Amino acid sequence: MNIIETKNPSQILKITASNLIDKHCQFFRITLRQVQIGGKVCFQAEKFKDKQVFHENIDMESLQTWLQTNVEFVYKQVCVVLESTDVTYLFSANGKCKRLQKVTETKNTQVSGVNRTKNYLINEGDNIPALVDLGVFTKDLKIVRPMFDKFKQINRFVEILNHQFKDYTGNKITILDFGCGKSYLTFIVYYYFSVIKSVDVKIIGYDLKADVVKNCNALAQKYGYKNLHFVVADVSKDKLADEHIDCVISLHACDTATDYALHYAISHYVKYIFSVPCCQHEINLSIQSGGELDCLLKYGLIKERTSALLTDAIRGMILEDCGYSVDMLEFVDFAHSPKNIMIRAYRNKAKSGKNRQNIQDLMQKYHFNQTLYKLVYGD
Ligand SMILES: C[S@@+](CC[C@H](N)C(=O)[O-])C[C@H]1O[C@@H](n2cnc3c(N)ncnc32)[C@H](O)[C@@H]1O
């Protein structure tokens, strides 16, 4: 039996297999839909087991063989949805198959992620169930309007990761997320590495809030994300992972939580850092007039912005001192978030300490405190 009757599998919009014949199969239902991943259209299988969902991507050319192995005579009922027909195959345990056909209204044939006006790495309509549970997508995979800014942020973050890791040859990566909160970013980064890049990824997200961490762990379990864990921790004082970490990420980790993320990365020789700071209060609260830059401290709003920029500039300079190549990227448009600078750092040099004196002079002249400086240089 061949349930792909067309020479062109791209005409298939959806396949649903249900009602198990083979009791050894662990998935009680499988659905397949076309998706675009990394510019290539393929089928994505969603495999349901108890309360968990697993994903697998299948090339167009391999679809027929995959269906023969995983679907035909494994499930009693298999429904193949085409543009204007639905074909149902009823398989029986004694090796027989009955075919039923129904003509339907013409359906929308647009593939997730294809022919969209704005083609993000993650698109509205992409079948990422965690985004539904986290309230970023509706059940029919539309962006929830008030979540559009968050959707833009996580998409941009993943685009920047994709740029960095496009030629990544490793088959494993371990990542820490500092101040993960509800973990929109953490889930999408896990999805990006495991589903889009097929890299064996492990991520630990840290946050102060126990209820949020509990919810994120339950979601990770639901989707069978076995290497995604969330831990209640104060990153400024609790003991964090002691294993080899390749990459540290943080998105809007409040105030000095970003300094602790950067310090962890520096002291654990972490190679990649992607950090979007926010609420840089520390310098704003301690800085005093002392020299040529006093005009920037005269008006509250300008003082606040100057302090935030000074904080991130100093963080960048310290990272350089510690052997990182650093650049500052505009993360998203100011309209989507005013906290829009990303510190991107890659460890590829020897330590130098060349910026230390410059920072120390500024601190003495303007009497401000800076946590990363204290953590790295201890004075
Ligand atoms: C603005 S939220 C950002 C959450 C998430 N990264 C995002 O972008 O959606 C900042 C998070 O950092 C967490 N946080 C702040 N200070 C922390 C600390 N010292 N240790 C762990 N988490 C912290 C807060 O609980 C909060 O969930």
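Undergrad: Help me understand the overall build of the protein chain, please; the structure alone is not making it clear to me.
TA: Across its full length, the protein chain holds ten helices and 14 strands. Overall size of the protein chain, expressed as C-alpha extent along the three principal axes, is 85 × 40 × 35 Å. Evaluated residue by residue, the protein chain yields a buried proportion of 35% over its 379 residues. Taking the intrachain contacts of the protein chain between residues at least 6 apart in sequence as the baseline, contacts between residues at least 24 apart amount to 62%.

Undergrad: Could you clarify how one ought to interpret the site of the ligand in this entry?
TA: Among the 19 residues in the neighbourhood of the ligand, the closest are listed as Gly179, Gly181, Val235, Leu251 and Ala257. Those elements that place two or more of their residues in the shell around the ligand are helix H4 (184-196), strand S9 (200-207) and strand S11 (247-254). The element best represented in the shell around the ligand is S11, accounting for four residues.

Undergrad: Even after reading the chapter, I still don't get the environment of Ser307, so can you show me in this structure?
TA: Mapped onto the elements, Ser307 comes out in helix H8 (residues 300-321). A count of 21 C-beta atoms within 10 Å places Ser307 in the buried class. Residues in contact with Ser307, not counting those within four places in the same chain, are Gln280, Ile283, Asn284 and Ile287.

Undergrad: Got a minute to help me understand the domain arrangement of the protein chain in this structure?
TA: By a widespread convention, an interface's size corresponds to the accessible area lost as its parts come together. Taken domain by domain, the protein chain comprises domain 1 (9-103) and domain 2 (129-377). One C-alpha centre belongs to domain 1, the other to domain 2; they are set 40 Å apart. Per-element accounting of the side of domain 1 that touches domain 2 gives the leading share, five residues, to strand S4 (residues 52-58). Looking at the side of domain 1 that touches domain 2 residue by residue, the class counts come to three nonpolar, four polar and one charged.

Undergrad: I'm lost on the nonpolar core in this one. Help?
TA: Burial of nonpolar side chains together is a common tendency in soluble globular proteins. The biggest cluster of nonpolar side chains holds 77 residues, and the ones touching the most others in it are Ile188, Val189, Val248 and Ala261. Broken down by element, the residue count for this core peaks at nine residues, all from H4. Ile30, Leu63, Val71 and Tyr89 belong to the second largest nonpolar core, which has 16 residues in total.

Undergrad: When you look at the sheet that holds strand S14 (residues 341-347) in this model, what are you seeing that I'm missing?
TA: Within a sheet, neighbouring strands are paired by backbone hydrogen bonds and run either parallel or antiparallel to one another. The strand order across the open sheet formed by seven strands is S10-S9-S8-S11-S12-S14-S13, and the pairing between neighbours is mixed. Every other strand in the sheet has two partners, leaving strand S10 (228-232) and strand S13 (324-330) as the edge strands with one partner each. When strand polarity is set aside, the average angle formed by the axes of neighbouring strands in this sheet is 15°. Along the sheet face, H4 touches strand S8 (172-178), S9, S10 and S11 and points at about 175° away from the line of S9. The strands touched by helix H6 (residues 257-267) are S8, S11 and strand S12 (272-278); relative to S11, the strand with the most contacts, the crossing angle is about 170°.

Undergrad: Looking at this model, I keep getting lost on unusual backbone geometry. Mind explaining?
TA: One can expect most non-glycine residues to show negative phi and most peptide bonds to be in trans. Positive phi is not limited to glycine here, since Asp255 has a value of about 45°. Inspection of the secondary structure assignment puts Asp255 in the loop between S11 and H6. The class for Asp255 is partly exposed, based on 18 C-beta atoms found within 10 Å. The backbone of Cys279 shows a phi angle near 50°, a positive value even though the residue is not glycine. Looking at the element boundaries, Cys279 is found in the loop between S12 and helix H7 (281-286).

Undergrad: What should I look at first to understand the sheet that holds strand S5 (residues 75-81) in this one?
TA: In spatial order, the strands read S4-S3-S2-S1-S5-S6-S7; together these seven strands make up an open sheet with antiparallel pairing. Looking at strand neighbours, the two that pair on one side only are S4 and strand S7 (97-103), the edges of this open sheet. Going from strand to strand, the sheet's axes swing by 20° on average, the running direction of each strand aside. Bridging between strand S6 (residues 85-91) and S7 involves seven bridges; their strand directions are antiparallel. Bridging from a neighbouring strand, Leu90 pairs with Lys98 of S7.

Undergrad: What should I look at first to understand the pairing of S9 in this one?
TA: Side chains on a regular strand alternate between the two faces of the sheet. Here S9 lies mainly inside the structure; seven of its eight residues are buried. Crossover connection from S9 via helix H5 (residues 210-222) to parallel S10: handedness right-handed.

Undergrad: Looking at this structure, how should I read the packing of helix H3 (residues 148-165) against H4?
TA: If you want to describe how two helices pack, look at the angle between their axes and the distance between the axes. Contact geometry of H3 with H4 gives a least axis separation of 10 Å together with a crossing angle of 40°. Compared by their axis directions, H3 and H4 come out oblique. The crossing of H3 and H4 is right-handed. Where H3 abuts H4, its residues Lys150, Ile154, Phe157, Val158 and Leu161 lie against Tyr184, Leu185, Ile188, Val189 and Tyr192. When its residues are assigned to classes, the contact of H3 with H4 shows nine nonpolar, no polar and one charged.

Undergrad: I would appreciate a short explanation of H3 in the present structure.
TA: Count 3.6 residues to each turn of an α-helix, and residues three or four apart come out pointing the same way. Helix length check: H3, at 18 residues, gives a terminal C-alpha distance of 25 Å against a target of 26 Å (1.5 Å per residue), a fit within 8%. Along H3, the positions that sit buried rather than exposed are Lys150, Phe151, Gln153, Ile154, Arg156, Phe157, Val158 and Leu161. Contact partners of the buried residues in H3: H4, S11 and S12.

Undergrad: Looking at this model, I keep getting lost on the confidence of the model for the protein chain. Mind explaining?
TA: Segments scoring low in pLDDT should not have their predicted coordinates read at a detailed level. On average, residues of the protein chain score 90 in pLDDT, and 96% of them reach the 70 mark or higher. Contacts of residues 113-117 to residues separated by more than four positions or lying in other chains number nine contacts, the stretch itself having pLDDT below 50.

Undergrad: Sorry if this is basic, but what is going on with the pairing of S4 here?
TA: Pairing analysis gives seven bridges linking strand S3 (residues 40-49) to S4, with the strands arranged antiparallel. Pairing of Ala45 across the sheet is with Glu56, part of S4. Remark: two residues form the turn of the hairpin made by S3 and S4, two consecutive strands paired antiparallel; Asp50 in that turn has positive phi of roughly 45°.

Rules behind the numbers
- Residues numbered from 1 in each chain as written.
- Predicted model: local features only at pLDDT ≥ 70, side-chain atom pairs only at ≥ 80, totals over all residues.
- Helix = DSSP H or I, 4+ residues; strand = E, 2+ residues; numbered from the N terminus.
- Buried ≥ 20, exposed ≤ 12 C-beta atoms within 10 Å, placed from the backbone.
- Contact = placed C-beta atoms within 7 Å.
- Near = placed C-beta within 6 Å.
- Domains from an automatic or database assignment.
- Nonpolar A, V, L, I, M, F, W, Y, C, P; charged D, E, K, R; others polar.
- Core = buried A, V, L, I, M, F, W, Y, C linked by C-beta atoms within 7 Å.
- Pairing = 2+ DSSP bridges.
- Axes fitted to C-alpha atoms, helices over the stretch in contact; angles between N-to-C directions.
- Right-handed = clockwise from strand over helix to strand, strands pointing away.
- Parallel < 35°, antiparallel > 145°, perpendicular 65-115°, else oblique.
- Left-handed = near helix turned anticlockwise from the far one by under 90°.
- Expected span 1.5 Å × (residues − 1).
- pLDDT = per-residue confidence, 0-100.

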